[in-house]
Amino acid sequence: MGEGGEMDGMAEGRGLLSDQIRNALTDEIASGVLAAGIALDEQDLADRFGASRTPVREALRQLASSGLVEMRPRRGVVVTRMTPERIMEMFETTAEFEALCVRLATYRMTPLELSALMDLHEQSAEPVAAQDYDTYDALNRSFHEALYRATHNGFMAEQALAIRSRLSAFRRTQLRQGERILRSRAEHGEILQAIAEGDGDAAARRMRAHMLNAASALGRYVADHASA
């Protein structure tokens, strides 16, 4: 029993460390500190973060799934060149998909699901005030995933999660642009209001705008750091 609990704790620790490494590398890639074409060495990163290669390898795997790095034969892991046009295409696609999800969820979610969604929104007030990007990002992810489940369409929820995983790194980074974290929460409130009023079309329009605003914020963040 004791050994099992210790192993669980070690696994959880590795998971948290890999998330921290992934987040740090994500910010550096988005801001241009790690430019396209740069090779990332597992051992160098392990030394830098004071970690073993296991959480580093997991962080790189997550970055690869988001399209931020590529696994290349003989060159190892290389930072990908992501153009603003490509990023906007990805956000445009997910904006339409999330609009579809929230419209269906508006008509299908249970009162309990709506209450849970409102609770997530309330929980996000404190990290926004503290400019705690990582905590807000986790709550933001939970908010959107709760909407996917509320569609009560398993296939749609699976597809939404798959698309979201490709954009997860970008969605976190855009929160650092100006007052974007504050606006993001306000937009969630506007989406919730439409859902509570049973207006699926309004909820869909607001979700679409929410995602495109995130894309614009990311574009400004990248441009600001590229010229710094």
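Basis of the calculations
- Residues numbered from 1 in each chain as written.
- Predicted model: local features only at pLDDT ≥ 70, side-chain atom pairs only at ≥ 80, totals over all residues.
- Heavy atoms only, no water.
- Salt bridge = Lys/Arg side-chain N within 4 Å of Asp/Glu carboxyl O.
- Helix = DSSP H or I, 4+ residues; strand = E, 2+ residues; numbered from the N terminus.
- Buried < 20%, exposed > 50% of the residue type's maximum accessible area, 1.4 Å probe, protein only.
- Expected span 1.5 Å × (residues − 1).
- Contact = heavy atoms within 4.5 Å.
- Pairing = 2+ DSSP bridges.
- Axes fitted to C-alpha atoms, helices over the stretch in contact; angles between N-to-C directions.
- Polar contact = N/O pair within 3.5 Å; in protein donor to acceptor, adjacent residues only side chain to side chain.
- Core = buried A, V, L, I, M, F, W, Y, C linked by side-chain atoms within 4.5 Å.
- Parallel < 35°, antiparallel > 145°, perpendicular 65-115°, else oblique.
- Left-handed = near helix turned anticlockwise from the far one by under 90°.
- Nonpolar A, V, L, I, M, F, W, Y, C, P; charged D, E, K, R; others polar.

### Points about the pattern of salt bridges
This structure, assessed with the given rule, holds 13 salt bridges. Between Arg61 and Glu58 there is a salt bridge; the shortest N-O distance is 2.8 Å. You can see Arg61 and its partner Glu58 sitting in helix α3 (residues 53-65), 3 residues apart, about one turn around the helix. The class for Arg61 is partly exposed, based on a relative accessible area of 45%.

### So, helix α9 (residues 180-196)
Under the 1.5 Å per step criterion, the end-to-end length of α9 is 24 Å for 17 residues, consistent within 8% with the ideal 24 Å. Buried residues of α9: Arg180, Ile181, Ser184, Arg185, Glu187, His188, Ile191, Leu192, Ala194 and Ile195, and no others. Looking one or two residues past α9, Gly198 carries a phi angle of roughly 75°, positive in sign.

### So, the environment of Phe143
Assignment of secondary structure puts Phe143 in helix α7 (residues 133-149). Given the relative accessible area of 1%, Phe143 is considered buried. Phe143 sits 22 residues away from His121 along the chain, and the two C-alpha atoms are 7.4 Å apart. When near neighbours in sequence (up to four residues on either side) are disregarded, Phe143 contacts Leu117, Leu120, His188 and Leu192.

### A short note on the sheet that holds strand β3 (residues 76-79)
Sheet architecture is open: 3 strands sit in the order β1-β3-β2, paired in antiparallel fashion. Every other strand in the sheet has two partners, leaving β1 (39-40) and β2 (69-72) as the edge strands with one partner each. The pairing of β2 with β3 spans 4 bridges and is classified as antiparallel. In the sheet register, Glu70 faces β3, and the bridge partner there is Val78. Along the sheet, α3 makes contact with β1, β2 and β3, crossing β2 at roughly 110°.

### Things to note about the environment of Ala35
Following the sequence through the fold, Ala35 ends up in the loop between α1 (2-31) and β1. The partly exposed category is assigned to Ala35, whose relative accessible area is 35%. The spatial distance from the C-alpha of Ala35 to the C-alpha of Thr83 is 12 Å, given a sequence separation of 48 residues.

### Regarding the side chain of Glu98
With respect to the element layout, Glu98 can be found in helix α4 (residues 84-108). Residue Glu98 is classed as buried on the basis of its relative accessible area, which comes to 2%. For Glu98, the side chain forms a polar contact with the side chain of His144, separated by 2.6 Å.

### Re the nonpolar core
One finds Phe91, Leu147 and Ile195 to be the most contacted residues of the largest nonpolar core, which totals 47 residues. Tallying contributions element by element places helix α10 (residues 200-226) first for this core, with 8 residues. Beyond its immediate sequence surroundings of up to four residues, Ile195 is in contact with Val102, Thr106, Met109, Leu114, Leu117, Leu147 and Ala203.

### Some details on the packing of helix α5 (residues 111-123) against α7
For any two helices packed against each other, one specifies the crossing angle of their axes together with the interaxial distance. Packing of α5 against α7 leaves a shortest axis separation of 9 Å and a crossing angle of 165°. It follows from the interaxial angle that α5 and α7 lie roughly antiparallel. Between α5 and α7 lies a crossing of left-handed hand. Residue-level inspection shows Glu113, Leu117, Leu120 and Gln123 of α5 in contact with α7, the latter providing Leu139, Ser142, Phe143, Ala146, Leu147 and Arg149. Broken down by class, the residue content of the contact of α5 with α7 amounts to 6 nonpolar, 2 polar and 2 charged.

### Structural notes on the packing of helix α2 (residues 42-49) against α3
At their nearest, the axes of α2 and α3 sit 9 Å apart, and the two run at 115° to each other. Our classification of the angle between α2 and α3 gives roughly perpendicular. For the crossing formed where α2 meets α3, the hand is right-handed. Listed contacts from α3 to Glu42, Gln43, Leu45 and Ala46 of α2 are Arg53, Val56, Arg57 and Leu60. Residue composition of the contact of α2 with α3, by class: 4 nonpolar, 1 polar and 3 charged.

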